[in-house]
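# A look at the structure
Residue-level listing of the chains:
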Amino acid sequence: MIRFTGVGKVYDARHRPALRNVDLHLAPGEFAFLVGASGSGKSTVMRLILREDRPTSGGIEVAGRDLQRIRRRQVPRLRREIGMVFQDFRLLPDKTAAQNVAYVMHVLGASPKAVRTAVPATLELVGLQGLGKRMPHELSGGEQQRLAIARAVVKNPRIVLADEPTGNLDPATSLEIVTLLNDINSTGTTVLMATHDDTIVDVFRKRVIELEEGEIVRDQADGGYGRASGGWPVDPPIDPGTDPAVEG
Ligand code: ADP
Ligand code: MG
């Protein structure tokens, strides 16, 4: 679903590269944490997947597309396949919760009837049933992040990228948010979540990909945050012949 092959990213030649020779593969339906210190390159990985930026070297495939080759006018179609969740929620402050979700569908050209059905269903999915008329500032931080997740998933994306989605939340609320992302993953959506919250990573025991100064230093099937927890080393063998990400 997502494949990086030898990806490098240099923003500024006077500094070290933001990413160096990154090989990464997420199969359809996987859930992975992307961990590493601030500045290690996590957000850069997300931006490259969304094609908000392009790699300096190497290749990237997302949802069956070679990002090297797709045309500018195909980028919106790519982004429809990807729901994005941020640390700072990025809601529309002057719209109600329901309107926040409806707006995403309007932009994608959904019919009013489809919107009327999908909005309450999606609010319920994220646990915000009955709160559709609230304004964002009338919601708690955890509820605001649930609403942001509703906006990300209402378009039925194949991939959800979450960039430090618990960064502004207390520990208990953070666990709820990751549980929700885990539930979304269990319906088949591929999820990549950047975090440096070691408690969460330890609790969920999912695949952990660790960046250090732009290089992958760990890729572990069911890791805890610390390296001491063992597991297999960088880069499990991948057979390109059977790789489901290389589909049409
Ligand atoms: P993380 O999300 O792990 O904190 P980032 O991907 O944001 O890391 O940043 C990786 C490195 O790239 C950092 O050294 C950062 O300063 C640099 N960087 C990120 N974005 C830009 C940019 N737009 N221009 C220049 N340097 C950048
Ligand atoms: Mg970041």
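Structure: above.
As the structure is a prediction and not an experimental result, all values here were calculated from the model.

Turning our eyes to something else, we now look at the side chain of Asn-100. Considering the arrangement of structural elements, one finds Asn-100 in helix H3 (residues 97-107). Taking relative accessible area as the criterion, Asn-100 reaches 0% and is therefore assigned buried. Looking at Asn-100, its side chain comes within polar contact range of the main-chain nitrogen of Leu-92, at 2.7 Å. Among residues more than four places away in sequence, those in contact with Asn-100 are Leu-91, Leu-92, Lys-95, Pro-136, Leu-147 and Arg-151.

Okay, the site of ligand 1 next. Neighbouring residues of ligand 1: Tyr-11, Arg-16, Ala-18, Ala-37, Ser-38, Gly-39, Ser-40, Gly-41, Lys-42, Ser-43, Thr-44 and Arg-47. Take Arg-47: an N or O atom from its side chain is 3.2 Å from a nitrogen atom of ligand 1. Taken together, the residues of the shell around ligand 1 break down into three nonpolar, six polar and three charged.

Two numbers describe how H3 lies on helix H5 (residues 141-153): the axes approach to 8 Å, and their chain directions differ by 25°. With respect to their mutual orientation, H3 and H5 come out roughly parallel. For the pair H3 and H5, the crossing hand works out as right-handed. Along the contact surface, H3 presents Ala-97, Asn-100, Val-101, Tyr-103 and Val-104, while H5 presents Leu-147, Ala-150 and Arg-151. Residue composition of the contact of H3 with H5, grouped by class: six nonpolar, one polar and one charged.

Bringing the pairing of strand S10 (residues 215-220) into the picture now. The sheet contact formed by strand S9 (residues 207-212) and S10 spans five bridges and is antiparallel. Bridge pairing in S10 places Glu-210 opposite Arg-218. Between the end of S9 and the start of S10, which pair antiparallel, lie two residues, with Glu-213 showing a positive phi angle near 45°.

Below, the discussion takes up the sheet that holds S9. Read from one edge of the open sheet, six strands run S6-S7-S8-S3-S9-S10, paired in mixed fashion. Two strands in the sheet have a free side with no partner beyond their single neighbour: strand S6 (82-86) and S10. The mean inter-strand angle of the sheet, taken between neighbouring strand axes irrespective of direction, is 15°. Packed onto the sheet, helix H1 (residues 42-49) meets strand S3 (31-35), S6, strand S7 (159-163), strand S8 (190-195) and S9 and runs at close to 150° relative to S8.

Right, let's talk about the sheet that holds strand S4 (residues 57-62) for a bit. The antiparallel open sheet is built from four strands, whose spatial order is S2-S1-S4-S5. Two strands in the sheet have a free side with no partner beyond their single neighbour: strand S2 (19-26) and strand S5 (65-66). Taken strand by strand, H1 contacts strand S1 (2-9), S2 and S4, and its axis lies near 120° from that of S1.

Moving on, we get to the nonpolar core. Counting residues in hydrophobic clusters, the biggest one holds 40 residues, and the most contacted among them are Phe-33, Leu-147 and Ile-149. Considering every element that reaches this core, the biggest residue donor is H5, with six residues. Every residue in contact with Ile-149, bar those within four places of it in the chain, is listed here: Val-85, Val-126, Ile-177, Leu-180, Leu-181 and Ile-184. The next biggest cluster of nonpolar side chains, apart from the first, holds 31 residues, and it includes Met-1, Val-7, Ala-32 and Leu-34.

Analysis parameters
Residues numbered from 1 in each chain as written. Chains lettered and ligands numbered in written order. Predicted model: local features only at pLDDT ≥ 70, side-chain atom pairs only at ≥ 80, totals over all residues. Heavy atoms only, no water. Helix = DSSP H or I, 4+ residues; strand = E, 2+ residues; numbered from the N terminus. Buried < 20%, exposed > 50% of the residue type's maximum accessible area, 1.4 Å probe, protein only. Polar contact = N/O pair within 3.5 Å; in protein donor to acceptor, adjacent residues only side chain to side chain. Contact = heavy atoms within 4.5 Å. Near = heavy atom within 4 Å. Nonpolar A, V, L, I, M, F, W, Y, C, P; charged D, E, K, R; others polar. Axes fitted to C-alpha atoms, helices over the stretch in contact; angles between N-to-C directions. Parallel < 35°, antiparallel > 145°, perpendicular 65-115°, else oblique. Left-handed = near helix turned anticlockwise from the far one by under 90°. Pairing = 2+ DSSP bridges. Core = buried A, V, L, I, M, F, W, Y, C linked by side-chain atoms within 4.5 Å.

All we've got here are geometric facts, nothing functional implied.
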